[in-house]
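Spelled out from the first residue to the last, the chains are:
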Amino acid sequence: MAPSRHADEGGQLQLMDADRVEDEEECFESIDKLISQGINAGDVKKLQDAGIYTCNGLMMHTKKNLTGIKGLSEAKVDKICEAAEKLLNQGFMTGTDLLLKRKSVVRITTGSQALDELLGGGIETLCITEAFGEFRSGKTQLAHTLCVSTQLPIHMHGGNGKVAYIDTEGTFRPESIVPIAEKFGMDVNAVLDNIIYARAYTYEHQYNLLLGLAAMMAEEPFRLLIVDSVIALFRVDFSGRGELAERQIFSSIHLDGSWHLIAEEFNVAVYITNQVIADPGGGMFITDPKKPAGGHVLAHAATIRLMLRKGKGEQRVCKIFDAPNLPEGEAISFCFDGPCLLLVLTITLLSQLAKI
């Protein structure tokens, strides 16, 4: 087995031995293994062209979706699914087994000790974390910080992997990565090389980018997918109440059919930012009634929802808005702009090194 890339203590991804690669690959079975089960190589290629690169990802699609792939009949889909089931254990498991499986979850530091404590250690893999708030509330700056911290080794609370960044509003700035990487003591060029970036212009373009991303994640060690922001293109491409229902349908397919699949298929963290809209039903006693855009579709798609708002001066406040395993709380000392961000990063890094 060919060696894969790993991160050393300086943050650069380096080669790691074959035994470690096998441990990393235990979480998913390559779609190519279907050939050994009697599936035609041409049919496997059709699945890959549709953005399906693992048997785990295959089983997350309905047969109705699979028969929609050009060249795959119902009979072929039945045979493919039967072959995939032989390679995977998709049935029930005990709570003990699930607890052991959850040990594969990686928590990536946010660069803020207060926010890490609020999140139980950082941004989790295998789930979607949504951050919503007004402009300059720290959503995009947190995304930039995660671009760097994800590349830290596991023992330094990083993700030891690459980052994919889909930008829908043109807010990503590689020059902002430079001071963050320097404060972490990492090679700036190596950090930037381990971030793949794409600018999405329509919701269809955004979806196609995700299909291509699955191919790269099947070959290289990615640990984080960032979409900044998630609902912007849907609000542009579907305008007015007359297209609201259609927008919700497409956004539902996009969310459940893409991000959850990527998160669970490749054990990556998905961090998405979201805008806020005025809430007419917020009540007369609420001074600033706002709610996250996207409605119930996005609310159910996100695993953890964070509400960011401006605090005193350059401080930013993060509140747990919704989470399955985290208590309600706020990180009041959470700040992300300019010198304040760099100070938090320095303090956090020193505290981590002291524990090693």
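Everything below is about the structure shown above.
The shown structure was predicted, so the numbers you read here are calculated from the model rather than taken from an experiment. (Residues numbered from 1 in each chain as written. Predicted model: local features only at pLDDT ≥ 70, side-chain atom pairs only at ≥ 80, totals over all residues. Heavy atoms only, no water.)

Trainee: In this structure, what is going on with the pattern of salt bridges? I would like to understand it.
Mentor: It is possible for side chains bearing opposite charge to pair when their charged atoms get close. Across all of its chains, the model carries 10 salt bridges by this definition. Across the pair Glu124 and Arg102 runs a salt bridge whose closest N-O atoms are separated by 3.5 Å. With Glu124 in strand 4 (residues 123-124) and Arg102 in the loop between helix 6 (95-101) and strand 3 (107-108), this residue pair connects regions lying 22 residues apart in the sequence. Overall, the relative accessible area of 36% leaves Arg102 in the partly exposed class. The partner of Arg305 in a salt bridge is Glu130, and the shortest N-O contact between them spans 2.5 Å. One end of the pair, Arg305, is in strand 12 (residues 304-310); the other, Glu130, is in strand 5 (residues 128-132), and 175 residues separate them in sequence. Glu130 shares its class with Arg305; the two are buried. (Salt bridge = Lys/Arg side-chain N within 4 Å of Asp/Glu carboxyl O. Helix = DSSP H or I, 4+ residues; strand = E, 2+ residues; numbered from the N terminus. Buried < 20%, exposed > 50% of the residue type's maximum accessible area, 1.4 Å probe, protein only.)

Trainee: Hey, could you run me through the nonpolar core in this one?
Mentor: In a soluble, globular protein the nonpolar side chains are often hidden away together inside. Core analysis: the biggest nonpolar cluster contains 38 residues, and Cys147, Val148, Ile195, Ile226 and Tyr271 have the highest contact counts within it. In terms of residue count, the dominant contributor to this core is helix 8 (residues 139-149) (five residues). Excluding anything up to four places from it in sequence, Tyr271 contacts Thr129, Ala131, Lys139, Leu142, Ala143, Leu146, Leu224, Leu225, Ile226 and Val227. Membership of the second largest hydrophobic core comes to 25 residues, among which are Tyr53, Leu225, Val230 and Trp259. (Core = buried A, V, L, I, M, F, W, Y, C linked by side-chain atoms within 4.5 Å. Contact = heavy atoms within 4.5 Å.)

Trainee: Please clarify how unusual backbone geometry should be interpreted in this entry.
Mentor: Most peptide bonds adopt trans geometry, and most residues besides glycine take a negative phi value. At the junction of Asp228 and Ser229, the peptide bond is cis and its omega measures out at -5° in the coordinates. Within the secondary structure, Ser229 is located in the loop between strand 8 (222-228) and helix 12 (232-237). Even without being glycine, Leu126 reaches a positive phi, approximately 70°. Following the sequence through the fold, Leu126 ends up in the loop between strand 4 and strand 5. At Asn160, a position not held by glycine, the phi torsion is positive, near 55°. Tracing the backbone through its elements, the reader meets Asn160 in the loop between helix 8 and strand 6 (162-167). Given the relative accessible area of 6%, Asn160 is considered buried.

Trainee: Looking at this model, I keep getting lost on the pairing of strand 5. Mind explaining?
Mentor: The side chains of a regular strand alternate, first on one face of the sheet and then on the other. Counting buried residues along strand 5, five of its five residues qualify, which places the element largely inside the surrounding structure. Of the two faces of strand 5, both are covered, the one formed by Ile128, Glu130 and Phe132 as well as the one formed by Thr129 and Ala131.

Trainee: Sorry if this is basic, but what is going on with the side chain of Asp167 here?
Mentor: Mapped onto the elements, Asp167 comes out in strand 6. Buried and without a salt bridge, Asp167 has Arg199 as its closest oppositely charged side chain, separated by 5.0 Å. At 3.0 Å, the side chain of Asp167 forms a polar contact with the side chain of Tyr197. Those residues in contact with Asp167, other than ones at most four positions away along the chain, are Phe172, Tyr197, Ala198, Arg199, Ala200 and Asp228. (Lys, Arg positive; Asp, Glu negative; His and termini not counted. Polar contact = N/O pair within 3.5 Å; in protein donor to acceptor, adjacent residues only side chain to side chain.)

Trainee: It is not clear to me how the sheet that holds strand 9 (residues 269-274) should be interpreted in this structure. Could you clarify?
Mentor: Whether parallel or antiparallel, the strands of a sheet pair through hydrogen bonds between backbone atoms. Across the sheet, which stays open at both edges, the eight strands sit in the order 7-6-8-9-5-12-13-14 with mixed pairing between neighbours. Bordering the open sheet on either side are strand 7 (195-199) and strand 14 (330-331), each of which pairs with just one other strand. The pairing of strand 6 with strand 7 spans five bridges and is classified as parallel. Within the sheet, the bridge partner assigned to Ile166 lies in strand 7 and is Ala198. (Pairing = 2+ DSSP bridges.)

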